[in-house]
Amino acid sequence: MIETENESLGERLAYLEKKVLAQNDEIVCLRSTLADVLRRLTQLEGSRSLSTPPAKNGLYRSINQHTVGAGTNTRDGLRYRPHSEIIPTREPVRRVASHSSSLPQRRGMHYQSTGSLHSDSQSSSSVSPIPMSPAPSPTRPNTANYLKPPTPIPSTNLYNSKKWSSTGDFNQVQCVNITPSVPVNRLSTKSLFNLHTRPLPSQNLNMHLKHGTRESSYNSEEGSFRMYLRGRPVSLYAPSELIDSYDISKVTTPPQARLNYGYRGKDCRSNLYLLPTGEIVYFVAAVAVLYNSEEQSQRHYFGHTDDIKCLAIHPNKLLVATGQTAGHEVREGKDGGSFLCAVDEANDHNISIWDWQRNEKGHRITETKCSMDTVVAAEFHPLDKNSIVTCGKNHISFWVLDAGGTLYKRQGLFEGSRDRPKYVTCLAFTQTGDVLSGDTNGNIIIWNRGKNTIQKVVKNVHEGSVFSICVLKEGSIITGGGKDGRIVQFDSNLQPTGFEAQIAEHLGGIRALSEGRGSQLLVGSTKNCILMGSLSLGFSPVVLGHTDELWALATHPDLPQFLTAGFDNIVQLWDAMSHTVVWSKDIAEQVQSAAFSSDGSILIVGCVSGKWLVMDSETREIYSVHTDGSEPIQVVKFSPDGKLLALGSRDNYIYIYHVGDDGRKYSRVGKCSVSLTRVGWELDGNPGVCRQITQSTQMRDISWASNSCTITFQTVGIWPEGADGTDVNACEVSHDKKLLVSGDDFGKVKLYSYPAAQPKSLPHAYGGHSSHVTNVAFLYDDMRVISVGGNDTSVLQWAIN
C-alpha cells in the first residue's frame, strides 16, 4: 500500500510540475507581449510630442549601425522614431506595468553619450538606460555582460545595461566605440609593401622609430607633407591650389553624417533562442542581435569589446546574458533567474556563481575549480533549486550550491571505459527532471534526477557528435547531429517517432536547436547559418554567413547589391535592401579581391593562388580562368570607361588587360613592377605604356576616378599618431566625394569628412567587428556602407540618412 501510494504521489507531483511549467510559459508570453505593447506606446507618444532640433552647419546626413545577420529590411511605422524628432534632454513619460514586481522600475530616459559604448551621436532614436557604471573594460574579457530589450516595464537592477538600437533604414543615429582587437598578419615583401607588414623579431627594430603623423611636417615651398611609417619617411604632395593655404596644425572636424549579416555557429553552442516577442536572439562578432524574421528588422547590442562566445536567456524571457572571450559557456539560473553561472577558460576552468542583481558589477557568491579538461556547457536544473550540471571533455558533473554558498560536485559515472565518450557535448532536461546528454559517440544518455548514475542509453542516434538536444513543450525530444546534419525526433521516453529531417550539406551540421512558434524549429548550423522550418515541411535558411576570413568586397555600380568572398571559397552576392543572399557559389579557390565591371554585368574574382576568374554577375557562370603569378591577387579594378582591367598582385606587379567582347575576353597589355596594396585609375586617361612615373610631383593635380588608397595626401588623416603602416587596412571615398570611410586592425569603422588631409582629422568611430576590418565600401548611392571582418567572418551594413 505504501509503495502504491508513493507511486501515485510521484505521478501527481510530476503532473503538477508539468502544469506549473506550462502556466509559467503562458505568463512569460503575456509579460513579453505587454512589454512590447508598452514600448510601442511610449515611443509613439514621444514621437508625437517632440519637436525638431535646429539644423547645424555641414552635411545633413546621419549614419547608423544597421544590420547584423542576413534577412533584415527597412522598417517603417510606429516602433521607431526619426532622429530629427528627438530632443536628448527630454525624458518620456514613465509607465508602470499592470503586473506586480519587486524589481525597481526602469526609466525610459534617452541617454546621450560622448565617448562610451552607448552613442556618440548628437541625437539618437533609441531609448537607453541611464548609465550607472563605466563601459566594460578590455582588461576583464571574461566578464559577462547583461542586456535587456528597451521596455518600460519593471526590470531588474541592471546597471551594466547598454543600448539596443533598432534598424529602420532611415531612422537612426548611432556611434559605438570598441577597444582594440586582434591584428591581422600579412606576408612580408620587398620595398614599399613593407610599410604594410608587421616587423619580424629578427629585425631588432629600435623602439624610438618614428610612426604615423606624430612627427609629420609640411614644406610650404614644395607643398609636400612628410610622415613616417615603420620609421621610413613618406612624402605626399598637396594639390597646387592648396599649397599656400594648407595648415598642418589645423584640426578637421568629423562630418555631420554618421554611420550589420551572419551568425556564429562554427565554434559556439546553445546560442540561438526565440523570444516571446517573436524575435530570434543570437550573436555574431561582438554584436548581439534581436532579429524579427516576420518584420525583417533587427535590434543590436554593441556593449562587447571582443568576440561573444556564449548566451543565456533569463526565465522571464526579458533579460539576456552574453559573455565574451575567453569564456566557453554561460547559463542562467532557473530558480527565478536570481543566479548566473559562468565557466571561464583558465587552466582550471573555474566555475563561479553570481548574484547578478547585487551592486553595479554583480556579486560573486563562490568560485571553485571545475575541471582540468575543457568545459563546453553549464546548466541550472529547471526543477531542482541550486542544482547545476556541467559537461565537456571526458566528463559530466553534477553540482549543488548549499545555503552557505559552497559548491559540491559529483562526477557522472559511466558504465565502462569503452562507453566513455571523448566529449559530452550538450545538455537538456526532460519534463520530469531527468538530465539528457549528447556526446561524440552519437549517443543520448538519460541521467537519473538528483543522481549521478545512468538510467538509459540510446546508442548511435547520429553519425558523429550530437551537438544539440531540445525538449519541446509538448514533451517530445529533438536531437541534431554535427556531422550528419540530421534532425531526429523522439517521444518523451526516447522512442523514435519516425520524423526526421536532413539539412543540406553546404549549410553544415547542426550546432544549435531551439523551439520556435507553433511547430517551427530554429536551427543554427556549423557553417554560420540560421534555418527555420519544421520536420514535416523542411527547413530554409534565414541567415547566411561566411566561415573563414573575409577580404573581398565589391559593390554594384547601379544597384543596391554587393559581393563578398574570402578564404572559405564561397562567393556571395547580397541585396542591401532585403538583406538577403541573391546567390552563393563555391569556386574551390580562396578569394582575396573582387570587382564589378562598369555596367555591373561582369565580376572579376582575384584568388590567393594567383588565379582570377571572369564571372557573370547574374547567372554565376564562369566564363574564363586566368593566372598571373603565384601570389594573391590583392586588388582588381576596371578603368572608368571599362576598356581596361588592372590586377595588383602580391608579387609586386600590376597586370594590365584590354577588355573585349562585353567583358568576356581579356588580352594582356603589359605589366608594371611596383609594390602595392591598392590600385586607382585616373579619371580622364588610360596608360599609354606600362612605365613608372618617378616624379611624385607630377601626380599632385591628377583627378582620380576613385580613391581607395590609404596613403595619399587626401587620406593623411586616417593614420593615427602612432601608426606603423599596418594599422589601416582599407579606405574608400564616397561617390559624391564628401565622405571617407576606413577599416582598421582594431575592429573600428571610421567615418571622416573628405578630404582628410589634416593629420588631426577627427572621425566618428564605430564598433561591431571583433576582429580586424579587412575592407570597406560605399554602395552606389552613398546611402550605405559595407564593412567585412577578418577572423570574425562578419559582414556589417551601415545606413546613412
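Residues numbered from 1 in each chain as written. Predicted model: local features only at pLDDT ≥ 70, side-chain atom pairs only at ≥ 80, totals over all residues. Heavy atoms only, no water.

**Some words on the overall build of the protein chain**
Each helix and strand in the protein chain was counted, giving one helix and 53 strands. Here the protein chain holds 801 residues, and 58% of them are scored as buried. Here the protein chain has roughly 33,000 Å² of accessible surface; of this, 49% comes from carbon and sulfur atoms. (Helix = DSSP H or I, 4+ residues; strand = E, 2+ residues; numbered from the N terminus. Buried < 20%, exposed > 50% of the residue type's maximum accessible area, 1.4 Å probe, protein only. Areas by Shrake-Rupley, 256 points an atom, 1.4 Å probe, with all protein chains shown as cover.)

**Focus: the sheet that holds strand 31 (residues 521-525)**
Strands in a sheet are paired, the pairing made by backbone hydrogen bonds, and the direction either parallel or antiparallel. Strand order across the open sheet formed by four strands is 30-31-32-33, with antiparallel pairing between neighbours. What marks the edges here is a single partner per strand, and that holds for strand 30 (510-515) and strand 33 (538-543). Pairwise comparison of adjacent strand axes, ignoring direction, gives a mean angle of 25 degrees for this sheet. By the bridge criterion, five bridges tie strand 32 (residues 530-534) to strand 33 in an arrangement that is antiparallel. (Pairing = 2+ DSSP bridges. Axes fitted to C-alpha atoms, helices over the stretch in contact; angles between N-to-C directions.)

**Some words on the pairing of strand 48 (residues 749-753)**
Two faces make up the sheet, and in a regular strand the side chains alternate between them. Burial runs high along strand 48: five of the five residues are buried. With burial as the criterion, each face of strand 48 is covered, one bearing Val 749, Leu 751 and Ser 753 and the other bearing Lys 750 and Tyr 752. Here strand 47 (residues 739-744) runs beside strand 48; their pairing, made up of five bridges, is antiparallel. Residue pairing across strands places Ser 742 opposite Lys 750, the latter belonging to strand 48. The loop that links strand 47 with its antiparallel partner strand 48 comprises four residues; one of these, Gly 747, has a positive phi angle of about 75 degrees. In this sheet, strand 50 (residues 764-766) lies alongside strand 48 in antiparallel orientation, the contact comprising three bridges. Residue pairing across strands places Lys 750 opposite Ala 765, the latter belonging to strand 50.

**Section: the pairing of strand 12 (residues 308-313)**
Among the six residues in strand 12, six count as buried, and that is most of the element. Where strand 12 lies against strand 13 (residues 320-324), five bridges are found, and the strand directions are antiparallel. Looking across to strand 13, one finds that Cys 310 is bridged to Gly 323. Here strand 12 hands over to strand 13 after six residues, with Lys 317 in that stretch at a positive phi of 60 degrees.

**Regarding the pattern of salt bridges**
Scanning the entire structure with this criterion turns up ten salt bridges. Of the charged contacts in the structure, one is a salt bridge between Glu 17 and Arg 449, with a shortest N-O distance of 3.4 Å. As a salt-bridge pair, Asp 384 and Arg 449 come within 2.8 Å of each other at their nearest N and O atoms. Here Asp 384, found in the loop between strand 18 (375-380) and strand 19 (387-392), pairs with Arg 449, found in the loop between strand 24 (444-447) and strand 25 (454-458); they are 65 residues apart in sequence, far enough to count as distant. Three or more residues are tied together by salt bridges with common partners; here these are Glu 17, Asp 384 and Arg 449. (Salt bridge = Lys/Arg side-chain N within 4 Å of Asp/Glu carboxyl O.)

**Some remarks on the nonpolar core**
Core analysis: the largest hydrophobic core is formed by 29 residues, its most contacted members being Leu 272, Ile 280, Tyr 282, Val 741, Leu 751, Phe 778 and Trp 798. The set of elements that each furnish at least two residues to this core consists of strand 9 (280-284), strand 10 (287-292), strand 32, strand 47, strand 48, strand 51 (773-778) and strand 53 (795-800). Among the nonpolar cores identified, the runner-up in size contains 27 residues, and Leu 472, Ile 510, Phe 539 and Leu 779 belong to it. (Core = buried A, V, L, I, M, F, W, Y, C linked by side-chain atoms within 4.5 Å.)

**Some remarks on the state of the cysteines**
Within this structure, the stated rule accounts for zero disulfides. With no disulfide partner, Cys 341 has as its closest neighbouring cysteine sulfur the one in Cys 370, 7.7 Å distant. No disulfide involves Cys 709; its sulfur sits 7.2 Å from the nearest other cysteine sulfur, which is in Cys 731. (Disulfide = S-S within 2.5 Å.)

**Section: a negative patch on the surface**
Where like charges cluster on the molecular surface, the negative patch consists of Asp 558, Asp 599, Asp 661 and Asp 662. Considering the arrangement of structural elements, one finds Asp 662 in the loop between strand 44 (653-660) and strand 45 (665-673). (Patch = residues over 30% accessible without salt bridge, like charges linked within 9 Å, V, L, I, M, F, W, Y side chains within 5 Å. Lys, Arg positive; Asp, Glu negative; His and termini not counted. Charge placed at Lys NZ, Arg CZ, Asp CG, Glu CD.)

**Quick word on the sheet that holds strand 48**
Ordered by their spatial adjacency, four strands build an open sheet running 46-47-48-50, and the pairing between neighbours is antiparallel. The outermost strands of the open sheet, each flanked by one partner alone, are strand 46 (728-733) and strand 50. Each adjacent strand pair in this sheet contributes to an overall mean axis angle of 20 degrees, direction not counted.

**Details of the packing of aromatic side chains**
Tallying each qualifying case throughout the model produces nine aromatic pairs. On the basis of an interplanar angle of 90 degrees and a centroid distance of 5.6 Å, the ring pair of Trp 612 and Tyr 666 is categorised as edge-to-face. With Trp 612 in strand 40 (residues 611-616) and Tyr 666 in strand 45, this pair connects stretches of sequence that are 54 residues apart. Accessibility assignment for this pair places Trp 612 and Tyr 666 in one class, buried. The structure contains a cluster of three or more aromatic residues connected by ring pairs, namely Tyr 218, Tyr 246 and Phe 713. Positioned over the ring face of Phe 467 is Arg 511, at 4.4 Å from the centre of the ring. (Phe/Tyr/Trp six-rings, centres within 6.5 Å; stacked < 30°, edge-to-face > 60°. Lys NZ or Arg CZ within 6 Å of the ring centre and 35° of its normal.)

**So, the confidence of the model for the protein chain**
On average, residues of the protein chain carry a pLDDT of 75, and 72% of them reach 70 or more. Of the regions scoring below 50 in pLDDT, residues 51-208 engages in 510 contacts with residues more than four places distant in sequence or in other chains. A low-confidence stretch, residues 327-334 (pLDDT under 50), is modelled with 49 contacts involving residues beyond four sequence positions or located in other chains. (pLDDT = per-residue confidence, 0-100. Contact = heavy atoms within 4.5 Å.)

**Some points on the environment of Val 741**
With respect to the element layout, Val 741 can be found in strand 47. Residue classification places Val 741 among the buried positions, given a relative accessible area of 0%. For the pair Val 741 and Ala 730, spaced eleven residues apart in sequence, the C-alpha to C-alpha distance is 8.4 Å.

**Quick word on unusual backbone geometry**
The omega angle of the peptide bond from Tyr 754 to Pro 755 is 5 degrees, so this bond is cis rather than trans. Examined against the element boundaries, Pro 755 turns out to sit in the loop between strand 48 and strand 49 (760-761). Positioned with a positive phi, Lys 737 is a non-glycine residue whose angle comes to about 60 degrees. Here Asp 782, not a glycine, exhibits a phi torsion of approximately 60 degrees, which is positive. Note on placement: Asp 782 falls in the loop between strand 51 and strand 52 (784-789).

**Concerning the side chain of His 395**
With respect to the helices, strands and loops of the structure, His 395 is situated in strand 20 (residues 395-401). A relative accessible area of 3% means that His 395 is categorised as buried. In contact with His 395, not counting residues within four places along its chain, are Ser 371, Asp 373, Thr 374, Val 375, Thr 390, Gln 411 and Val 424.

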